[in-house]
Amino acid sequence: MSRWQVLIAIAGLAVGIAVLLVNLNSDHAEERVGHGILGLLIVWSFVASGLVASARRPENRTGPLMVAMGFAWLFPSLQLANNDVAFTIGLALALVPMPIFVQLVLGFPEGRLDGRPVLLTTAFAYAAGILLQLFGTFFLLPRPDAGFPCEGACPENLLLITRDDDLAQAFFTALNVAGVLIAVAVVVILARRWREATAPARRALAPVLWSGAITALAAMAMFVSGIAGDTAEVPARLATFAIIAFVPLAFL
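Fair warning: this is a prediction, and the values are worked out from it, not measured in the lab. (Residues numbered from 1 in each chain as written. Predicted model: local features only at pLDDT ≥ 70, side-chain atom pairs only at ≥ 80, totals over all residues. Heavy atoms only, no water.)

### A few points about the overall build of the protein chain
We count it as follows: Helix and strand labels come from DSSP, where a helix needs a run of H or I of at least four residues and a strand needs a run of E of at least two; each type is numbered from the N terminus. Three exposure classes are used, based on accessible area relative to the maximum for each residue type with a 1.4 Å probe and protein chains only: buried under 20%, partly exposed in between, and exposed over 50%. Two residues qualify as a contact provided that any one of their heavy atoms is within 4.5 Å of a heavy atom in the partner residue. His is not counted, nor are the chain ends, whereas Lys and Arg count as positive and Asp and Glu as negative. Think of each charge as sitting on NZ of Lys, CZ of Arg, CG of Asp or CD of Glu.
Within the protein chain one finds 10 helices and zero strands. The N-to-C order of helical and strand elements in the protein chain reads α-α-α-α-α-α-α-α-α-α. Expressed along its principal axes, the backbone C-alpha trace of the protein chain runs to roughly 55 × 40 × 30 Å. Looking at the protein chain residue by residue over its 252 residues, the buried ones come to 50%. A separation threshold of at least 6 residues defines the contact pool for the protein chain, and within that pool the share at least 24 residues apart is 69%. Charged side chains of the protein chain number 15 positive and 16 negative; the gap between the two group centres comes to 18 Å.

Printed below as a string of structure tokens:
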């Protein structure tokens, strides 16, 4: 391994441990142990697999995207931090891993985005995952009466402009709807890619296409439960994260 790869591996090890500790020490997390363990697995599996992929095929963009996905998982975990600054960063950037994952799956095997449907789906994922989440953060006061789950004291949202529960909820509902549409688009694109592939290509693409489709379906259930606001949201989220943790094995 090169010096840079060793440094990335050490950083990935540290970020995974940080994700676990942030979850376990959170004063306002739901299912902190489950989220912590799965977060650790996601960071380590993506960073390690990305380093292996980059070493084997350095000209391919898939390896760096996998590493980026692993490090990006720190952002949603910071939502569970007790520190106001870390919490605010996590709140604003919680959905950053989503568009990276979409780009990773749709860009396989070369890491390039080819075709208008793929480009539009990925661009929409980045716009929704970053902008809608950020705009909603501007109006969210993290309190149980505002729909934000806090078992203990809620940290302060330092990006709060003015409290507007209805407007914040509108942005987050739009984000969940966008998540469902993106998941449907990913499944359709992967199904079309499978249908058009030759038999040898299907054997080569099968692990990624199937794991990507299953993850998209699980994410769809998670976003739908978010729209409905029912008690299934947390189990759906944990199930989705569990599936995501093993996706890097399919890529390798």
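### Some points on a nonpolar patch on the surface
The condition that has to hold: Nonpolar side chains (Val, Leu, Ile, Met, Phe, Trp, Tyr) within 5 Å and like charges within 9 Å form the patches, drawn only from residues with over 30% relative accessible area and no salt bridge. All accessible areas in this document rest on Shrake-Rupley with a 1.4 Å probe, and a residue is counted as covered only by the protein chains that are shown. Salt bridges are identified by distance alone: a Lys or Arg side-chain nitrogen within 4 Å of an Asp or Glu carboxyl oxygen.
A cluster of nonpolar side chains, namely Trp4, Val6, Leu7 and Ile10, defines an oily patch on the protein surface of about 440 Å² accessible area. Turning to its location among the elements, Ile10 is positioned in helix 1 (residues 3–24).

### Things to note about the environment of Ala218
Structurally, Ala218 can be placed in helix 9 (residues 199–228). Apart from residues lying up to four places away in sequence, Ala218 is in contact with Thr240 and Ile243.

### Looking at the nonpolar core
The criterion, for reference: Buried residues of nine kinds, namely Ala, Val, Leu, Ile, Met, Phe, Trp, Tyr and Cys, make up a nonpolar core once their side-chain atoms join them within 4.5 Å.
Grouped together as the largest cluster of nonpolar side chains are 63 residues, with contacts concentrated most on Phe46 and Phe251. Counting residues per element, this core draws most heavily on helix 8 (residues 165–196), which supplies 11 residues.

### Side note on the packing of aromatic side chains
Let me state the cut-off plainly: For Phe, Tyr and Trp, where Trp contributes only its six-membered ring, two rings pair if their centres lie within 6.5 Å, and the inter-plane angle classes them as stacked under 30 degrees, edge-to-face over 60, or tilted in between.
Inspection of the entire model under this criterion finds six aromatic pairs. Each ring, one from Trp194 and one from Trp210, has its centre 5.9 Å from the other, and the planes form 70°; the classification is edge-to-face. Highlighted residues: Trp194 in helix 8 and Trp210 in helix 9, separated in sequence by 16 residues. Each residue in the set Phe135, Phe138, Phe139 and Phe171 is aromatic and connected to the rest through ring pairs, giving one cluster.

### A few points about the environment of Arg163
Keep this limit in mind: Polar contacts, as used here, are pairs of N or O atoms within 3.5 Å; protein pairs need one atom able to donate a hydrogen and one able to accept it. Residues neighboring in sequence count only if both atoms are side-chain atoms.
Secondary-structure assignment places Arg163 in the loop between helix 7 (116–137) and helix 8. C-alpha of Arg163 to C-alpha of Pro207: the two residues are 44 residues apart in sequence and 45 Å apart in space. Separated by 2.9 Å, the side chains of Arg163 and Asp165 make a polar contact.

### A look at the pattern of salt bridges
Under the defined criterion, the tally for this structure stands at two salt bridges. In this structure, Asp165 engages Arg163 in a salt bridge whose closest nitrogen and oxygen atoms are separated by 2.9 Å. For Asp165, a relative accessible area of 28% corresponds to the partly exposed category. Residue classification places Arg163 among the partly exposed residues on the basis of a relative accessible area of 35%. Where Glu196 meets Arg192, a salt bridge forms, and the shortest distance between an N and an O atom there is 3.1 Å. Of this pair, Glu196 and Arg192 both sit in helix 8, four residues apart, which is roughly one turn of the helix. The exposure class assigned to Glu196 is exposed, which follows from its relative accessible area of 54%. Since its relative accessible area comes to 45%, Arg192 is described here as partly exposed.

### Topic: the packing of helix 3 (residues 62–72) against helix 6 (residues 97–107)
Basically, it comes down to this: Convention adopted: a line fitted to C-alpha atoms gives each axis, helices being fitted over their contacting stretch, and angles between N-to-C directions are expressed from 0 to 180 degrees. Each angle is binned into one of four classes, with values under 35 degrees roughly parallel, values over 145 roughly antiparallel, values of 65 to 115 roughly perpendicular, and all other values oblique. Working rule for handedness: look at the near helix, and if it is turned counterclockwise from the far one by less than a right angle, call the crossing left-handed; if clockwise, right-handed.
Running from N to C, helix 3 and helix 6 cross one another at 160°; their axes reach a closest spacing of 9 Å. Classified by the interaxial angle, the pair formed by helix 3 and helix 6 is roughly antiparallel. Of the two elements, helix 3 crosses helix 6, and the hand of that crossing is left-handed. Residue-level inspection shows Thr62, Leu65, Met66, Ala68, Met69 and Ala72 of helix 3 in contact with helix 6, the latter providing Pro97, Ile100, Phe101, Gln103 and Leu104.

### Topic: helix 5 (residues 84–92)
Ala86, Phe87, Thr88, Gly90, Leu91 and Ala92 are the residues of helix 5 that are buried. If you follow the buried residues of helix 5, they end up packed against helix 4 (74–78) and helix 7. Its side-chain oxygen placed 2.9 Å from the backbone nitrogen of Val85, Asn83 serves as the N-cap of helix 5.

### Re helix 3
Burial of helix 3 is extensive: eight of the 11 residues sit out of reach of the surface. Buried residues of helix 3: Thr62, Gly63, Leu65, Met66, Val67, Met69, Gly70 and Ala72, and no others. The elements touched by buried residues of helix 3 are helix 1, helix 2 (32–56), helix 4, helix 6 and helix 10 (233–251).

Honestly, it's all geometry; don't read function into it.
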